[in-house]
Every structure is written in C-alpha cells, then in structure tokens.
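Below, each chain spelled out in residue letters.
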Amino acid sequence: MTSRIKSKASEFLKEFISSGYQVGSDVLELLMSKEQPESLIKQIIETANQLPKSPLVITKEFLNSIEPSIKGKTRSVGTDIFKRDFEIASPVIKRDSLLQDAPERNLIDAKDVEAEITILKTPNSKKITSKVPIENLANLFLSRYNKLKKLLQERSDTRNSVPIAALHSSDEWEDFQIIGMLTLKAETKVGGYFLEIEDPSGTIQVIVPQKEYNIVRKAERLLDDQVICIHGAMRKSAFLVKDILLPEIPTTHTWKGAPIPICAALISDLHVGSAKFLNEVFAQFISWLKGEVGGEKERKFGRSVKYLLIAGDLVEGIGIFPNQEKELIIKDIYRQYDEVGTLLKKVPEHIEIIIIPGNHDATRQALPQPPIPREFAADLYEMPNVQVLGSPAYINIHNIKVLMDHGRSLDDVVESIPIIETETPDSAMVELLRARHLAPSWGGKTTLAHEPNDFLVIEEIPDIFHAGHTHTNGVTVYRGVTVINSGAFQDQTNYQKRININPTPGIVPIINLNTKKVTEINFN
Ligand code: FE
Ligand code: ZN
C-alpha cells in the first residue's frame, strides 16, 4: 500500500473505532476499492447502530448480511434512524395506468354527501407589503420559545429543565437539562458538534462529543433556530451533551377515519401561466374526478372525491426569477388567475376546493402567507365550492385535522440536513413535525414575517400534513400522521434542469378518508 492509501485506511479504521466497532483489514481493503467509501462507512455504522444487537467486529459476513438494507436506502434516507416510527403509508398504491380497476371498494358518490368542513386556523388578510421592523424578531422568537417550551414540557423527560442563567459550574460533573433555541451549530474538527443554545435568561455553548454517535446523528439533523431540550453534564465551564430531545409527535398519536368512505385529492404547484404547466394532464385529472375515465370501479373511485386540497403555487407568477418571462405563456398575473378560475370551474361543483398560496402566488412572501387577495382572484372567491385561505391553514374535514402548508421551508431543511434529499420531501416534512415548527430557520431561503406571535409553531398535531413546493411526490406515515407531498402539475423547467431537480409532475395522491389509504395516481 502506498502511504496515501495507508493513511486513508487508518482514517477509515478510526472512523469505525470511534463509533465503537472493530474492523478487519479485509473489510478495509474492500471498502477502499469502492467508489465512495466515506458515505458507505457512514451507512454501515448507521445500520450497525440500528440493530438491536450491534456487532463487535465488522466482518465481511456482516457486510453481506446488511447489504440489502444499504442498497435499499433510496427512500426516506433522512429518517432511517427513526425507522421504528414509520409505517408504510398503509399502503401507498402507485398506479401508472388508469386502465386497471380501482383498488378501492365500497366507495360512495361524493355528490350524495354533505361537505363537513370547518376552518380551524389560518392567517388573516394583511397588506401585501407589510414591513415589520427587525426589532420585532425578538418578539417572534420569544413567542416561539414559549410555545415550544410548553410543548417540550409535555414530555415526561424534560420536566427538570432549568434556565440557562441558573446553571452553575463546580469541580464535579453535574447533570442538567435546559430548553433553548439553537442559535449556532458547527461541526467540530473531530466529527462532533458545537452548539450554541439560547433561552430568555442567557446563552451557553455545549459540545456533542464525537464518540457519542447517536447524539451526533441527532445533532446533524438539527435545524437552526429550532427549540430543543438538552440533557447534559457540566463541570467547570464544560457542558457535554448527553441527549437532545425534540418537541416531537407523541408515539400515542392516532386518528380516526371518517365514518363514510369518501376521498380527498391533494394537489399543488400548478404554475398556471408557465409554458411547462401540463394542461392536458390536468384536464385528464378533472375528467377522472368527473368519473369519466376508466372502468366502472375506476369511475366510482373518481366520483368518490369530495375534497380537492391545493397547497399553493396556483400560478407561475411574474418576476419570480430572472428571465422568467421567456417561459411564460400568460404574461399577466391577473390573466394567470383568470385561467386558474377557468380550470377549477371544470371541477364538479359537489367537490369542495380549498386553496392556500405558495411562493409563486400574488400575496405576501414572508410566512405566514395571507390568502391570495380577492383583487387577483375574484373568480375563485365567487365560486360557491371554493375557500381561499392562507398558508398554513388548519382545517377539519369529517373530524380529521388537516394541516396545509405550501412547504416553502422544505428547501432549507433539505439544504441544512445533508442526509435528506429533495427526492424524499416527506422525510423533510417529518423533520418539521418533529420540530413542531413549519419553518424554524431564520435567514435561509424562507422569509419569516416578524410578527409578535409565531404562527408557524405546530401547536396542534395534524392527522394529515399536506405540503407541496418540492414538485416531487412523497407519502409516509410518521407516528400516526399521514404526511403527503403532492408534487406538481408543472413539467421540469429549464431552471430545474440546470440545478438537477427532477420533478414528478402529474401524480396525484388520493386519500380515502375512511380507511386512510393513499393511492398515488399518475395522470401523466
Ligand atoms: Fe412550486
Ligand atoms: Zn413553491
């Protein structure tokens, strides 16, 4: 071995040893022959850690035994250390053809059913250009801190937390719990983490030792400005982290399906006005809703849809990014909304349509977003079966709590947690649920309105969490919450092509509100 390779091998060896594993030289050699040994090693350690009985020595036989789980890591990569919390979305049925018979049985015609829908909470209309002074950021953060502290304290393991100012150092190690906002996170040279935590009483810097692999993994997933509880031990001025707790969704959460077998269709990101809006695919979807497509069971399935939930980006908008006008076929924002009206009027009237805005829509960009103003979308306001709400919106349908949010912050989540990818937007949504906040990080791509009340704390646990924005479909069930990203009706744009984003347009998740079963239908 050349010395360069030797030093690589000893680096790998260290990696294993620091995580508590011995490793044979045959395994090291094998790893060095692989293309991306670093990430492979990470995955091996991660998989070994998850096993109920972790091995002492990583052998070739062990590698063979875990190979399938390493290869099969394309989905929900971001959430695999919490794998036990996931159920297969009971189950997701993917269908590429409308010709086969619908898998759903006993569905009833939605037009024979009264809509049962109440709006629980949504941001009110505000001036589009409301400028709030930066000093108000402190109030927003204080509101966030207080709400999330309350949620954290519902956990039995966070009860003994003390204010940061009350921490005292002594010559002996002493255990403490603190609840604070993560104001800084940095990886240490040796692979641990340095965190700065702030509460209203003060600030403290804490260290996640690199040898505590599971805590390092938790730290890796933390989002800037999220509120967490830290268990740690303090001696003199050193504070070592022993555990990190999030507000989380309690494991006991569950929801009861609607008493009647009807469905909701979840869509988002139409981007009407863009040359890439898939007009014909959308028309096909509407025909399906009318019960005009497929065999008898398929038609019945389409007719059972009572609710159409649209999670933002109805139009492409104008002036959103440089040179956008080249990709517009409708260059006037009012006319873009007129076209949305024309399209949605084709949806059967017995279907209740709920609309929230996205970052391409004509409303305030800072979150929370007020509803698209009537001035732009008069047609939509006049339709008796349409409700125009803000983002996020909490609604109740047949006693099922649905949280609709455009998902603007998913970009920031994907960017700050390297193991979560755009292809699995559902994993990113799960991180928001665990943080109990729809957009924790200030100063990223997501702009937050500096309001005195933090509207984005997920105070009430939804039964269904619906978002869009990533243009990629994703469905999962996390601790009883059905998490759905509804993709898009816009084909890959030139911009997306350049930055290597591959959307999955034209796939619509339909949820049976009675059985909770999600079927993803590809209309494209
Ligand atoms: Fe979009
Ligand atoms: Zn968007």
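These numbers were taken from a predicted model, which means no experiment stands behind them. (Residues numbered from 1 in each chain as written. Chains lettered and ligands numbered in written order. Predicted model: local features only at pLDDT ≥ 70, side-chain atom pairs only at ≥ 80, totals over all residues. Heavy atoms only, no water.)

**Q** Teacher, can you tell me more about the overall build of the protein here?
**A** From N to C terminus, the protein includes 13 helices and 21 strands. Relative to its full complement of 524 residues, the protein shows a buried share of 55%. A fraction of 72% describes how many contacts in the protein between residues 6 or more apart in sequence connect residues 24 or more apart. (Helix = DSSP H or I, 4+ residues; strand = E, 2+ residues; numbered from the N terminus. Buried < 20%, exposed > 50% of the residue type's maximum accessible area, 1.4 Å probe, protein only. Contact = heavy atoms within 4.5 Å.)

**Q** Help me out: how do you make sense of the coordination of the zinc ion (ligand 2) in this one?
**A** Ideal geometry at a metal centre gives angles of 109.5 degrees when four donors are arranged tetrahedrally and 90 or 180 degrees when six donors are arranged octahedrally. Donor atoms from the polypeptide that bind the zinc ion (ligand 2) are Asp-313 (OD), Asn-359 (OD1), His-406 (NE2) and His-469 (ND1), placed at 2.1 to 2.3 Å. With 4 donor atoms in place around the zinc ion (ligand 2) and angles of 85 to 164° between them, the coordination shape is irregular. The motif formed by the donor residues of the zinc ion (ligand 2), counted along the single chain, is D-x45-N-x46-H-x62-H. (Donors = N, O, S within 2.8 Å, 3.2 Å for Na, K, Ca; no water. Tetrahedral: all angles 85-135°; square planar, octahedral: opposite > 155°, others 65-115°.)

**Q** How do you make sense of the confidence of the model for the protein when you look at a structure like this?
**A** Any segment with low pLDDT has predicted coordinates that should not be analysed in fine detail. Considering every residue of the protein, the mean pLDDT works out to 87; 89% of them sit at 70 or more. Confidence drops under a pLDDT of 50 for residues 71–91, and excluding neighbours within four residues, the segment shows 54 contacts in the predicted structure. (pLDDT = per-residue confidence, 0-100.)

**Q** What is the right way to read the nonpolar core from this model?
**A** The tendency in soluble globular proteins is for nonpolar side chains to be buried as a group. Phe-282, Phe-285, Leu-308, Leu-344 and Leu-380 are the most contacted members of the largest nonpolar core, which has 43 residues in total. Looking at this core, the elements with two or more residues in it are β11 (263–267), α7 (279–289), β12 (305–311), α9 (333–344), β13 (352–356), β14 (386–388) and β20 (507–512). Top element by residues in this core is α7. It accounts for 6 residues. Those residues within four positions of Leu-344 in sequence are excluded, and the remaining contacts are Phe-282, Leu-308, Ile-310, Ile-353, Ile-355, Leu-380 and Met-383. In terms of nonpolar packing, the next biggest core, distinct from the first, is built from 40 residues, Leu-403, Ile-417, Phe-465 and Tyr-478 among them. (Core = buried A, V, L, I, M, F, W, Y, C linked by side-chain atoms within 4.5 Å.)

**Q** What am I meant to see in the environment of Ser-304 here?
**A** As for its placement among the helices and strands, Ser-304 is situated in the loop between α8 (296–303) and β12. C-alpha of Ser-304 to C-alpha of Ala-264: the two residues are 40 residues apart in sequence and 8.3 Å apart in space. When near neighbours in sequence (up to four residues on either side) are disregarded, Ser-304 contacts Leu-107, Ile-108, Ala-110, Ile-262 and Cys-263.

**Q** Which parts of the structure should I look at to understand empty space enclosed by the protein?
**A** It is a probe the size of a water molecule, rolled over the atoms, that shows where empty space is left. One pass over the full model with this rule turns up 1 cavity of 30 Å³ or more. Taken together, Leu-140, Leu-367, Pro-368, Leu-448, Ala-449, Glu-451, Asn-453, Asp-454, Phe-455 and Leu-456 form the lining of the largest cavity. (1 Å grid on protein atoms, 1.4 Å probe; cavity = no way out; pocket = protein on both sides within 12 Å on 5 of 7 lines; lining within 4 Å. Points joined across faces, edges and corners; volume = space filled by probe spheres on them.)

**Q** What is the right way to read helix α3 (residues 37–50) from this model?
**A** It helps to recall that an α-helix has 3.6 residues per turn; residues three or four apart then point in one direction. The end-to-end C-alpha distance of α3, which contains 14 residues, comes to 20 Å, matching closely the 20 Å that a straight helix rising 1.5 Å per residue would cover. Listed as buried for α3 are Pro-37, Ile-41, Ile-44, Ile-45, Glu-46, Thr-47 and Ala-48. (Expected span 1.5 Å × (residues − 1).)

**Q** Just to check I follow, could you spell out the coordination of the iron ion (ligand 1) for this structure?
**A** Donor atoms from the polypeptide that bind the iron ion (ligand 1) are Asp-269 (OD), His-271 (NE2), Asp-313 (OD) and His-471 (NE2), placed at 1.9 to 2.3 Å. Geometry at the iron ion (ligand 1) is irregular, judged from the 4 donor atoms that bind it and their angles of 86 to 180° at the metal. Look at where the donors of the iron ion (ligand 1) fall in the sequence and you get D-x1-H-x41-D-x157-H. Under the relative-accessibility criterion, Asp-313 is labelled buried at 1%.

**Q** Is there a simple way to explain the side chain of Arg-434 in this structure?
**A** Assignment of secondary structure puts Arg-434 in helix α12 (residues 425–435). Look at Arg-434 and you get buried, because its relative accessible area is 5%. Here Tyr-478 takes part through its side chain, which lies 3.3 Å from a polar atom of the side chain of Arg-434. (Polar contact = N/O pair within 3.5 Å; in protein donor to acceptor, adjacent residues only side chain to side chain.)

**Q** Would you mind going over a nonpolar patch on the surface with me for this structure?
**A** A contiguous nonpolar patch, built from Trp-173, Ile-207 and Leu-240 and spanning about 250 Å² of accessible area, is present on the exposed surface. Along the chain, the position of Leu-240 falls in strand β10 (residues 238–245). (Patch = residues over 30% accessible without salt bridge, like charges linked within 9 Å, V, L, I, M, F, W, Y side chains within 5 Å. Areas by Shrake-Rupley, 256 points an atom, 1.4 Å probe, with all protein chains shown as cover. Salt bridge = Lys/Arg side-chain N within 4 Å of Asp/Glu carboxyl O.)

**Q** Mind showing me how you'd approach the pattern of salt bridges here?
**A** Any two side chains of opposite charge can pair, on the condition that their charged atoms come close. Under the criterion given, the structure shown has 19 salt bridges. The residue Glu-431 makes a salt bridge to Arg-221 at a minimum N-O spacing of 2.7 Å. Within this pair, whereas Glu-431 is found in helix α12, its partner Arg-221 is found in the loop between α6 (213–220) and β9 (227–235), the two being separated by 210 residues in sequence. We note that Glu-431, like Arg-221, is buried. For Glu-451, the salt bridge goes to Arg-364, with nearest N and O atoms at 3.0 Å. Taken together, the residues Glu-451 in the loop between α12 and β17 (464–467) and Arg-364 in the loop between β13 and α10 (378–382) connect sequence positions 87 residues apart. Like Arg-364, Glu-451 is buried. Among the charged side chains, a network of salt bridges with common partners joins Arg-221, Glu-248, Glu-431, Arg-434 and Arg-479.

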